[in-house]
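Structural overview
Spelled out, the chains give:
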Amino acid sequence: MTLSVVILSRDSEATIGATLASAARVSDDIHVVDSGSGDTTLAIVKSAGAQPYHHEFQHYGKQRNFAIETLPMRHPWELHLDADERLSDPLVAAILKLKESGFAGPAVGYFIPRLTMFLGRPIRHGGMYPIWHMRLFKRGHGRCEDRRYDQHFYVDGPTGRLPYPMIDDVRMKLSEWTARHNRWADAEAEELSAGNAGIGVIVPKLTGGTPVQRKRALRAGYNGAPRFLRAFLLFFYRYVLRLGFLDGKPGLIFFVLQTFWFRFLVDAKLYEQENRKQ
């Protein structure tokens, strides 16, 4: 079928069934890298006929590169997903069309937009859609940045775009969702304090370049803004200027927690680290 799929999982019983079902529409070779699920995730994986693997979690970059380097994928193209990301119907059709053409054309990788579903509602405003990710690429041409936070795949040749979304269906409880953001805040604060936030294979470009290069350039600008104040400004930009309020109560909760609280928490952890060194 020319395409293998890799899925990362941990305690993903609420979503991985839908992810596996959508992956099976484009591939007969599905691999799941699990980092220690204690729920029924692995049972769901096995019942779907996918191949499970265990790899201790350090960060997403290492998980993804472990998959690229180690898994016995049978096909020359690979699609990478998280356990809460499923392919929309139009995206399935676009991938099948690519497969029918034998992936004709010069591209060795394709960017796919991600649409977040939060508390049952799509988050379409606030600059949250489309957010482009390199997830589909030819074997031997793609890797993931080895960073603790904000890692992206990159390829060594021409790229294309598939205009239809993968759905990031956030179904975990808010207690787990905020706990994960707390861990991600630790990782980003450590990178920022070590001066590594701008270090990566993907070179920032504000104009031209790929969507990820532009995103990386905007992140560099944010990192140069005054601490604490920047979290308020980002929330105002996304929720008010970019119309995040149109996403209703789920949007309010999402932007307060993911945009303001999370970014403010990173700054608070940086402040805490600096005080400890004094």
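Residues numbered from 1 in each chain as written. Predicted model: local features only at pLDDT ≥ 70, side-chain atom pairs only at ≥ 80, totals over all residues. Heavy atoms only, no water.

**Describing the packing of helix α7 (residues 229–241) against helix α8 (residues 248–277)**
As a reminder, the rule being used: For helices, the fitted axis covers only the stretch in contact; all axes are lines through C-alpha atoms, and the angles between them, taken along N-to-C directions, range from 0 to 180 degrees. Secondary structure is summarised from DSSP: a helix means a run of H or I of at least four residues, a strand means a run of E of at least two, and numbering begins at the N terminus for each. The scheme is simple: roughly parallel for angles under 35 degrees, roughly antiparallel for over 145, roughly perpendicular for 65 to 115, oblique for anything else. Helix crossings are classified by the rotation of the near helix relative to the far one: an anticlockwise turn of less than a right angle makes the crossing left-handed, while a clockwise turn makes it right-handed. It only takes one pair of heavy atoms within 4.5 Å for two residues to be counted as in contact. Residues are grouped as follows: nonpolar covers Ala, Val, Leu, Ile, Met, Phe, Trp, Tyr, Cys and Pro; charged covers Asp, Glu, Lys and Arg; every other residue, Gly included, is treated as polar.
Where α7 contacts α8, the two axes come as close as 9 Å, and the packing angle between them is 160°. Classified by the interaxial angle, the pair formed by α7 and α8 is roughly antiparallel. Crossing hand, α7 versus α8: right-handed. Across the interface between the two elements, R230, A231, F232, L234, F235, R238 and Y239 of α7 pack against G251, L252, F255, V256, Q258, T259, F260, R263, F264, D267 and L270 of α8. Taken together, the residues of the contact of α7 with α8 break down into 11 nonpolar, three polar and four charged.

**Concerning the pattern of salt bridges**
Note that side chains of opposite charge can pair when their charged atoms are close. Worth spelling out the cut-off: Salt bridges, as used here, are contacts in which a Lys or Arg side-chain nitrogen is within 4 Å of a carboxyl oxygen on Asp or Glu.
Following the criterion strictly, the structure yields 25 salt bridges and no others. Among the charged side chains, a salt-bridge network with shared partners connects E145, D150, E188, R216, R219 and R263.

**Quick word on the environment of V212**
The cut-off we apply is this: Relative accessibility decides the category of a residue: with a 1.4 Å probe and only protein chains considered, values under 20% of the type maximum give buried, values over 50% give exposed, and everything between is partly exposed.
Tracing the backbone through its elements, the reader meets V212 in helix α6 (residues 211–223). Look at V212 and you get buried, because its relative accessible area is 2%. Residues V212 and H133 lie 79 residues apart in sequence; the distance between their C-alpha atoms is 7.1 Å. Leaving out residues up to four positions away in the same chain, V212 has contacts with F111, W132, H152 and I202.

**Considering the packing of aromatic side chains**
The way to describe two aromatic rings as a pair is by their centre distance and the angle between their planes. As a reminder, the rule being used: Ring pairs shown here join Phe, Tyr and Trp side chains whose ring centres sit within 6.5 Å, with only the six-membered ring taken for Trp; geometry is labelled stacked below 30 degrees between planes, edge-to-face above 60, and tilted in between. The rule for a charge over a ring is simple: NZ of Lys or CZ of Arg within 6 Å of the ring centre, and within 35 degrees of the ring normal.
Scanning all chains against the criterion turns up 18 aromatic pairs. Their ring planes at 10° and their centres at 4.1 Å tell us that W77 and F103 sit as a pair that is stacked. Highlighted residues: W77 in strand β4 (residues 77–82) and F103 in the loop between α4 (89–100) and β6 (109–118), separated in sequence by 26 residues. Look at W77 and you get buried, because its relative accessible area is 5%. With a centroid separation of 6.3 Å and 75° between ring planes, the pair formed by Y239 and F245 is classed as edge-to-face. Judged by relative accessible area, which is 16%, Y239 ranks as buried. F245 sits in the partly exposed class, given a relative accessible area of 40%. Each residue in the set F118, W177, F228, F232, F235, Y239, F245, F254, F255, F260, F264 and Y271 is aromatic and connected to the rest through ring pairs, giving one cluster. Here the guanidinium or amino end of R124 rests over the ring plane of Y129, the centre of that ring lying 5.9 Å away.

**Structural notes on the environment of S35**
Looking at where S35 falls in the secondary structure, it is placed in the loop between β2 (30–34) and α2 (41–47). Exposure remark for S35: the relative accessible area of 7% places this residue in the buried category. For the pair S35 and G17, spaced 18 residues apart in the sequence, the C-alpha separation amounts to 17 Å. Beyond its immediate stretch of four places on either side in the chain, S35 contacts S9, R10, H54, H55, F57 and Q63.

**Notes on the environment of R25**
Position of R25 relative to the elements: it lies in the loop between α1 (16–24) and β2. C-alpha separation for the pair R25 and V240, spaced 215 residues apart in sequence, amounts to 39 Å. Apart from the residues lying within four places of it in its own chain, the contact partners of R25 are D89, V92 and L96.

**Details of the packing of helix α5 (residues 174–193) against α8**
For any two helices packed against each other, the geometry is given by the interaxial angle and the distance between the axes. It is the contact of α5 with α8, at a shortest axis distance of 9 Å, that shows an interaxial angle of 40°. On the basis of their axis angle, the class for α5 and α8 is oblique. Of the two elements, α5 crosses α8, and the hand of that crossing is right-handed. Its residues placed into classes, the contact of α5 with α8 shows 13 nonpolar, six polar and five charged.

**Side note on a nonpolar patch on the surface**
Formally: Only residues whose relative accessible area exceeds 30% and that form no salt bridge enter a patch; like-charged residues are grouped when within 9 Å of one another, and nonpolar side chains (Val, Leu, Ile, Met, Phe, Trp, Tyr) when within 5 Å. The method behind every accessible area is Shrake-Rupley, applied with a 1.4 Å probe, and residues are considered shielded solely by the protein chains displayed.
Among the surface-exposed residues, F236, Y237, V240 and L241 lie close enough to one another that they form a single nonpolar patch of about 370 Å² accessible area. Relative to the elements of secondary structure, F236 occurs in helix α7. Judged by relative accessible area, which is 44%, F236 ranks as partly exposed.

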